[in-house]
Amino acid sequence: MFKKSFAAMGIVIGTALLIGGLTPASASGDVLTPEGYHQVKLGQSEAKALRTGYLSGDGWDDGACNRYATVDRPDDEWRVAISHENGVVRVRVPENVRTYEGIGVGSTVAEVKETYEGVWEYRRGLSVPVPGYDDRSYEIWVEDSYNEDGTYRDDAKVIQLGLTAGAQFDCTLFGDA
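Definitions and limits used
- Residues numbered from 1 in each chain as written.
- Predicted model: local features only at pLDDT ≥ 70, side-chain atom pairs only at ≥ 80, totals over all residues.
- Heavy atoms only, no water.
- Helix = DSSP H or I, 4+ residues; strand = E, 2+ residues; numbered from the N terminus.
- Buried < 20%, exposed > 50% of the residue type's maximum accessible area, 1.4 Å probe, protein only.
- Contact = heavy atoms within 4.5 Å.
- Areas by Shrake-Rupley, 256 points an atom, 1.4 Å probe, with all protein chains shown as cover.
- Pairing = 2+ DSSP bridges.
- Axes fitted to C-alpha atoms, helices over the stretch in contact; angles between N-to-C directions.
- Core = buried A, V, L, I, M, F, W, Y, C linked by side-chain atoms within 4.5 Å.
- Phe/Tyr/Trp six-rings, centres within 6.5 Å; stacked < 30°, edge-to-face > 60°.
- pLDDT = per-residue confidence, 0-100.

Each helix and strand in the protein was counted, giving 4 helices and 12 strands. Out of the 177 residues in the protein, the part that is buried amounts to 42%. Here the analysis covers contacts within the protein between residues at least 6 apart in sequence; of these, 49% occur between residues at least 24 apart. Carbon and sulfur atoms provide 55% of the accessible area of the protein, an area that totals close to 9500 Å².

Here it is in structure tokens:
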């Protein structure tokens, strides 16, 4: 009797998560959502982002933004940018994280272009409007592998993934490494 009740409770909880917009994958932290990563959300105040416990160190101020390392990358102060004016404006995620659509480190440029509309190239990779959100985009860094015309090869691999707050991204010298 107890096993059946426990199993039924698991089904109810799982269904509630799915109906509520969470998936088991996002609950485990391996999905970059359109809102952010872990409890760090775009637009969130610096004080609130710090209270999540995900940011590491004291931060580095470039004049427009404070930049923070994260607990999973304590040696990289370029992981999260928090604008003095707009709150969290950029989040870079660990290598095992993927978008809801399945794009992440190891995906190819061709897969990104097949998955998303409005993809455009910039000096370090691809910028992709987040489906359903006009004010944010995925930043997708790509390995240096080019066609003769200087565009990225379709088989070039994604090497890093991030999320930015579109026009509110006012930080001055955010690194791409």
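So, next bit.
Quick look at the sheet that holds strand β6 (residues 80-83) now. Spatial strand order, β4-β5-β6-β7-β12-β11-β10-β9: 8 strands in an open sheet with antiparallel pairing. Of all strands in the sheet, those with a lone pairing partner are β4 (55-61) and β9 (120-122), marking the two edges. Strand-to-strand twist across the sheet, computed as the mean angle between neighbouring axes with direction ignored, equals 20°. Relative to strand β5 (residues 65-70), β4 runs antiparallel, the two sharing 4 bridges. Of the residues in β5, the one forming a bridge with leucine 55 is threonine 70.

Counting residues in hydrophobic clusters, the biggest one holds 35 residues, and the most contacted among them are Leu32, Val80, Val88, Val91, Val112, Tyr138 and Ile140. Of all elements in the fold, only β5, β6, β7 (87-93), α4 (109-115), β10 (125-129), β11 (137-142) and β12 (158-164) reach the threshold of two or more residues within this core. For this core, the leading source of residues is β7, giving 4 residues. Setting aside chain neighbours within four positions, we find valine 88 in contact with Val40, Lys41, Leu42, Gly43, Gln44, Ala49, Val80, Ala81, Ile82 and Ala165.

For the rest of this paragraph, the subject is the environment of valine 31. Checked against the element boundaries, valine 31 lands in strand β1 (residues 31-32). Residues valine 31 and valine 93, spaced 62 residues apart in sequence, show a C-alpha to C-alpha distance of 9.2 Å.

This paragraph deals with the packing of aromatic side chains. Remark: the centre distance and the inter-plane angle together describe each pair of aromatic rings, the angle taken between the planes. In the structure shown here, the tally under the stated rule is 5 aromatic pairs. Ring plane angle 65° and centroid distance 5.6 Å describe the contact between tyrosine 37 and tyrosine 54, whose orientation is recorded as edge-to-face. With a gap of 17 residues between them, tyrosine 37 in strand β2 (residues 36-37) and tyrosine 54 in the loop between α3 (46-51) and β4 connect regions that are remote in the sequence. The same class applies to tyrosine 37 as to tyrosine 54, namely buried.

Attention now moves to the confidence of the model for the protein. Looking at the protein as a whole, the pLDDT averages 82, with 78% of positions reaching at least 70. Of all the helices and strands in the protein, helix α2 (residues 24-27) carries the lowest mean pLDDT, 38, while α4 carries the highest, 98.

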